[in-house]
Structures are given as C-alpha cells and as structure tokens.
Amino acid sequence: MNAPADIDVRPVTEAEYPEWLRAVHAGFLREPVVSETELEARRSQFEPGRLLGAFDGDRCVATFRSFAQEVTAVGGEFVAADAISAVTVTATHRRRGLLTRMMSQDLAAAKERGDVLATLIAAEYRIYGRYGFGPATSAAEWTVDVTRAGLDPRGPDLDGGRIDLVEPGDVRKLGPELHDRMRRATPGAISRDDWFWQLKTGAVRTAPWTEPFFAVYRAADGTVEGLMAYAVDDKWADTMQPLNTADVRQMIASTPAAERALWHYLCSIDWVMQVKSGWRAPDDLLPNLLPNPPAARITMQSDWLWVRILDVVRALEARTYEGEGALVLQVVDGSGMAGGRYRLEASPAGATCTATTRSADLTLDARELATLWLGDESVARLVALGRVQEEQAGAGRGADALLHTSRRPWCPDMF
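Residues numbered from 1 in each chain as written. Predicted model: local features only at pLDDT ≥ 70, side-chain atom pairs only at ≥ 80, totals over all residues. Heavy atoms only, no water.

A. Representation of the environment of R387 in the model. Its place among the elements puts R387 in the loop between α9 (379–384) and β19 (388–390). Residues R387 and E368, spaced 19 residues apart in sequence, show a C-alpha to C-alpha distance of 7.3 Å. Aside from chain neighbours lying at most four places away, what touches R387 is E368, T371 and L382. For R387, the side chain forms a polar contact with the side chain of E368, separated by 3.0 Å. (Helix = DSSP H or I, 4+ residues; strand = E, 2+ residues; numbered from the N terminus. Contact = heavy atoms within 4.5 Å. Polar contact = N/O pair within 3.5 Å; in protein donor to acceptor, adjacent residues only side chain to side chain.)

Following this line, the structure appears as structure tokens:
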C-alpha cells in the first residue's frame, strides 16, 4: 500500500477521463463499469483543470470535479460560485488526506479566479464543515394522500390559464427562460446549463431512461409560468382499484398561481391516489394549497445546498437586507481565505462591508457565516448552540433582525 506522499493528486487529462469516471462509480458504490453511452454523454462535461484525481500508479482512487455556477443571493443578484461535485475516495484509500489535498487545490483556484462562493450538496453531513462549508438551505418532500386532499374532482380552476402536456423538445425551448425568472426570485437557486436541460429531457442519457410526462401552465396572456415533469407507476389492488403514485421529477413556477394550478392538476388525474412532491422548499406552499393540508405529510427532509464563503465583502454586499443596522463580525477561517474582522452596514437601500479594527459584535467560524448568508438560520439559535459567540450582549438578536429573511431560501437542483 503506497504512502500518501506516493499518491499523485493532479488535474485529469482527457485520456484519463474514462478511468476517472470509473473511480466516480466505485466511490458512489455503483457498478464500477462505465458504458460507452454514458462516457460519450458525459464527455461534454470534461473541462481541463476542473477535474482532479488522486492516482495510485495508473489507478484513480479519488475524484473531484468543479464547474462554474451562479447562486441567487437574497434580493436576486446572481453570485459567481465554484460548484463542487463528484467527490469520492475509494474505500481502499480512505483516511490519507486525499480529499483535503483536492479541496485545497480547488478552493485556492476558485479564490484566484475571483469566485465569491463555493457550493456543494453533501452526501455526508460531517465531512465538509472542516473545509469552511455550512448548510445554507434545506429541502423536504411531501407525500399527498389525494383521497383526503379535499380537491374538486373535476379538476383545477385555472382562472383563464391552461395546462398543456408538451414534448421534451418544447421543454428545452420553454424551460430556460422560465427557470431564469424563477431563480431571480428564489435565494439559493442555481444556474442551469444546456446540458441540464438535455439530461432532464432525455436528449443525453447517462442511465436507463423512462420518459416522464411534461406539463406546462400558461397564464391567461399565454406566458409560461410553470413546468412540471412527473411519472406515474402502475399499481392496482386485488379488487382492481387503482393504487397509483405520481412522482414529481421537477417542478418550477414563477407565480403562486402556477404552483396552485400544477399541484391541483396532478392531484386530479384519474387513478392517481398519491403524489410524491420531489424535493421542495422547506416552507413550500403545497400543503396549504390543499383544502385539507394534513393530507400532505413530510416524508423526507434534509440539509441541501452547502456554501463556503471565499470573499466575505462581496458575499455580504451582494445580498439585500430587510432591516437596517450595522454589525461587526470576527470571522475565523483556518485556511486564511475568508478570515478577518468586517463591518457590515446595511439597509433596504443597500449594504457596504469593509475590513475594520472596531470591536466585534459576534465571533463566528467561516462555516457559520456560510450557514447564515442566505438568511435561513437564526444567529440567536447558533449562539445557544455555542457555534457563534456574542461579544456584545444581545448582538445575536440584532444580527437576526438584519440577516433573516421572510421566506426560506431553496435550491431546487442536485449537482
């Protein structure tokens, strides 16, 4: 077994990409064989310098990928981020510092590029805090018992709008513009590239594909305000009564009217007895769009988008604030990337953040700042947990009045 120093961590070449992808499969406990179909579908994702691998001889034993992304800050500004994905270490090579080496290289490059943040979806909660990441959004899945929902069985009242079933090609045309409107109004949402739309509509396939139904909601003026992709199983009781479940693969909407119409439509389809919502915002409107909200119950919930602040000044100035005030933060960052003392002055009209020597109101680690950036977590709660230190009495409550948001942030996508 080679020592850590003998394992080479380096950018992956195009020739090494099949071996790197095999290691991704192994790390995620998939069949460690990559089909030609998957390899060809994923080759467009190869970006020189953004894929790292740890090589023990010729064999890749750890993987890491990053790519350019935009994250919506509170208020709607798109912030440049370094999105991290495909992080694996093969079981034979754990506990040798390979992830630390890959993460350090990537975050240093992101900082040099001028990215404001790094982001990821954590498969394991305990790993990423030591690299300065904190969970900034969460997600929940609801399961709706249609028979108890209390909806009109004749279908939704569309108030002049309409719902149409469309083809995958239509989704690729209509979806990007709708998504841009949705993400502008959704703190925590991320950008989607063309490959995303091809993958979600079957134009490129990395695994066996079952085509879903695609439904769009158009308002009375013809504007597309909602899109839903869903699949329905085929289950029947011994008495030939339907027991079918509709699984939502994605649903985005730019207006509450579109959300209401699409959920009511799905719950009104004949033979559908249960609806699984897919991952939704933790304060999603879905339960309260039903006449009987308890018919929707949470069946899964989890942390979702994790954030790592790389530039404190730009991150805090990018978002908006509902309150008005000033706050001095002592940010502790063992990597040196975001540490320092900063004075934030904010109001609904805008914000400035500057380095300062004034006495701190709060001392917190970079991971806690990341958790607070999108306004979902409570500073006072983190104080109670011992994760934020009040240097001035009552500073936690004052910070909450400045940082907290009226609606919870949400990231609709896995990456």
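B. Up close: the sheet that holds strand β2 (residues 51–56). Spatially, the seven strands line up as an open sheet ordered β1-β2-β3-β4-β5-β14-β6, and their pairing is mixed. The sheet is open, and its two edges are formed by β1 (8–11) and β6 (134–135), each paired on a single side. Across two bridges, β6 lies against strand β14 (residues 305–309) in antiparallel orientation. In the sheet register, P135 faces β14, and the bridge partner there is W306. (Pairing = 2+ DSSP bridges.)

C. Inspection of the pattern of salt bridges at higher detail. The full count for this structure, using the stated rule, is 26 salt bridges. Residue R22 is joined to E19 by a salt bridge in which the shortest nitrogen-to-oxygen separation is 2.7 Å. Of this pair, R22 and E19 both sit in helix α1 (residues 17–27), three residues apart, which is roughly one turn of that helix. Salt bridges linked by common partners bring R50, D82, R113 and D115 together as one network. (Salt bridge = Lys/Arg side-chain N within 4 Å of Asp/Glu carboxyl O.)

D. The sheet that holds strand β9 (residues 213–218), seen in detail. The seven strands are arranged β8-β9-β10-β11-β12-β7-β13 in an open sheet whose pairing can be described as mixed. Both edges of this open sheet fall to β8 (162–166) and β13 (296–303), since each of them pairs with a single strand only. Going from strand to strand, the sheet's axes swing by 25° on average, the running direction of each strand aside. Bridge count between β8 and β9: five bridges; the pairing is antiparallel. Bridge pairing in β9 places L165 opposite A215. Against the sheet, helix α4 (residues 168–184) engages β8, β9, β10 (224–232) and β11 (244–253), with an angle of about 125° to β10. Each of β7 (138–145), β8, β9, β10, β11 and β12 (272–276) touches helix α6 (residues 256–267); the most contacted strand, β10, lies at about 25° to it. (Axes fitted to C-alpha atoms, helices over the stretch in contact; angles between N-to-C directions.)

E. Highlighting the side chain of R192. Examined against the element boundaries, R192 turns out to sit in the loop between α4 and α5 (194–200). At a separation of 3.4 Å, a polar atom in the side chain of R192 contacts the side chain of H179. Reaching out from R192, the side chain makes a polar contact with the side chain of Q250 at a distance of 3.3 Å. Look past the residues within four positions of R192 in its chain and what remains in contact with it is H179, W197, Q250, I252, P412 and D413.

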